[in-house]
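Structural characterization, general
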Amino acid sequence: MKTQKALLFSLACLVSMNGFSAANPEIPDAPTVYPEGELGRMVKLGEDIIFNTNTHDLTKDMVGNDLTCSNCHLQGGKGKTLGTFIGTATAFPAYSPREKTVQTLQNRINNCFMRSMNGKRPIIDTEASIAMTTYVSWLSSGLPVTMNSKKPVNPFYTKEWWGKKWVLPMIKAATHDNYVNGQKLYTEKCASCHQPDGQGLAAAKFPPVWGERSYNTGAGLSKPEKLPTYLLHNMPLGNANLTREEAVDISIYVDAQPRPDFDLQKSLYPREEMGHYNSIVMEEKHSVRSNFAKWGLDIDQIRGDKAIP
């Protein structure tokens, strides 16, 4: 009965979403007319993959969790808030501090499979890879190219993602009290969709936010210094109303939960299959513990236990 009530409540939340309170008025509407011929087919194929990444025949074997691209890029990237695909293609090619190379849009999309999708990096120029790139590029139709020399970020959010100036002091000062308050806020504002155990509600397409079926520790949202900015712009879904303090505390709680470790080498196909991987950085590992230690935080002290390996 409780599960049924939760499902009905979550579905009601989904039905009531007419827009996002944090929508950016500078972002234009997404195009609605698909290109003709083979180009249009590829746009539609890419859109289908974005919405069904973990079940689509072309990508399901490269996804290691229950997520789709549209779980983070709301409305398939057509939403007008942080995570939008509208304008994203105009930032590329862009320099990436993570890979320490200039990345194409296709590189960027493929690399997300290793992290947010906890899977394998698609091989460059495969149909799936090209289709997703074609779809994201289509959503930038008519916008000026603004290649970014510092980071691969949508130009509408270059100054805001990831909120470094205000986030870092709060993260570095975090304590167990922030974790406890984050748990309370999560219960009040997040659990109706993502569930008390963080495993989401598949029937209503609400994704897991921790555990083996969620994003791994290499994903941007696994970083306690990055998740707050995303939450401020997007959550609670349909009514983004968190304060900065609330967003940080929820992030401390969510990102302190268990999730898969990230090992770059395990996310790449063998060289003879993969071809060239456009990155200078070839060794990269992350864990929940290391994501917090980066900012001088002891995960055991933050949580108040020793549940994290």
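Residues numbered from 1 in each chain as written. Predicted model: local features only at pLDDT ≥ 70, side-chain atom pairs only at ≥ 80, totals over all residues. Heavy atoms only, no water.

1. Focus: the overall build of the protein chain
- When you go through the protein chain residue by residue, the secondary structure sums to twelve helices and four strands.
- What you see for the protein chain is a C-alpha radius of gyration of 19 Å, in line with the 19 Å of a compact globule of 309 residues.
- Expressed along its principal axes, the backbone C-alpha trace of the protein chain runs to roughly 55 × 45 × 35 Å.
- Out of the 309 residues belonging to the protein chain, those deemed buried represent 53%.
- Here the analysis covers contacts within the protein chain between residues at least 6 apart in sequence; of these, 70% occur between residues at least 24 apart.
- Summing over all exposed atoms, the protein chain offers an accessible surface of approximately 14700 Å²; the carbon and sulfur share of this is 57%.
- Averaging the positions of the 34 positive and the 31 negative side-chain charges in the protein chain gives two centres separated by 4 Å. (Helix = DSSP H or I, 4+ residues; strand = E, 2+ residues; numbered from the N terminus. Rg over C-alpha atoms; globule rule 2.2 N^0.38 Å. Buried < 20%, exposed > 50% of the residue type's maximum accessible area, 1.4 Å probe, protein only. Contact = heavy atoms within 4.5 Å. Areas by Shrake-Rupley, 256 points an atom, 1.4 Å probe, with all protein chains shown as cover. Lys, Arg positive; Asp, Glu negative; His and termini not counted. Charge placed at Lys NZ, Arg CZ, Asp CG, Glu CD.)

2. Here's the deal with helix α5 (residues 164-172)
- Looking at α5, one finds that the buried residues are Trp 166, Val 167, Leu 168 and Ile 171.
- Contact partners of the buried residues in α5: α8 (227-234) and α9 (244-255).

3. Quick notes on the packing of aromatic side chains
- Applying the stated criterion to the full structure yields six aromatic pairs.
- Pairing Tyr 34 with Trp 138 gives two aromatic rings, centres 4.8 Å apart and planes at 15°, and the pair type is stacked. Taken together, the positions of Tyr 34 in the loop between α1 (2-15) and α2 (37-51) and Trp 138 in helix α4 (residues 127-138) put the pair 104 residues apart, joining distant regions of the chain.
- Taking 5.3 Å as the distance between ring centres and 45° as the angle between the ring planes, the aromatic pair formed by Tyr 186 and Trp 210 counts as tilted. Residue Tyr 186 is found in helix α6 (residues 176-189), and its partner Trp 210 is found in the loop between α7 (191-194) and α8; the two are separated by 24 residues along the sequence.
- Taken together, the aromatic side chains of Tyr 179, Tyr 186, Trp 210 and Tyr 253 make up a single cluster linked through ring pairs.
- The ring centre of Tyr 34 lies 5.2 Å from the NZ or CZ of Lys 44, which sits over that ring. (Phe/Tyr/Trp six-rings, centres within 6.5 Å; stacked < 30°, edge-to-face > 60°. Lys NZ or Arg CZ within 6 Å of the ring centre and 35° of its normal.)

4. Examining the confidence of the model for the protein chain
- Considering every residue of the protein chain, the mean pLDDT works out to 93; 93% of them sit at 70 or more.
- Confidence drops under pLDDT 50 across residues 1-21; counting only partners more than four residues distant or on other chains, this segment forms 25 contacts. (pLDDT = per-residue confidence, 0-100.)

5. So, the packing of α2 against α4
- Running from amino to carboxyl end, α2 crosses α4 at an angle of 100°, the nearest separation of the two axes being 7 Å. Judged on the interaxial angle alone, α4 and α2 are roughly perpendicular. On α4, the residues touching Leu 39, Arg 41, Met 42, Val 43, Leu 45, Gly 46, Glu 47, Ile 49 and Ile 50 of α2 are Glu 127, Ala 128, Ile 130, Ala 131, Met 132, Thr 134, Tyr 135 and Trp 138. (Axes fitted to C-alpha atoms, helices over the stretch in contact; angles between N-to-C directions. Parallel < 35°, antiparallel > 145°, perpendicular 65-115°, else oblique.)

6. Observations regarding the nonpolar core
- Membership of the largest hydrophobic core comes to 69 residues, with the highest contact counts inside it found for Tyr 135, Tyr 186, Tyr 230, Ile 252, Val 254 and Phe 292.
- Listed in part, the six residues of the second largest apolar core include Met 114, Phe 262, Leu 268 and Met 274. (Core = buried A, V, L, I, M, F, W, Y, C linked by side-chain atoms within 4.5 Å.)

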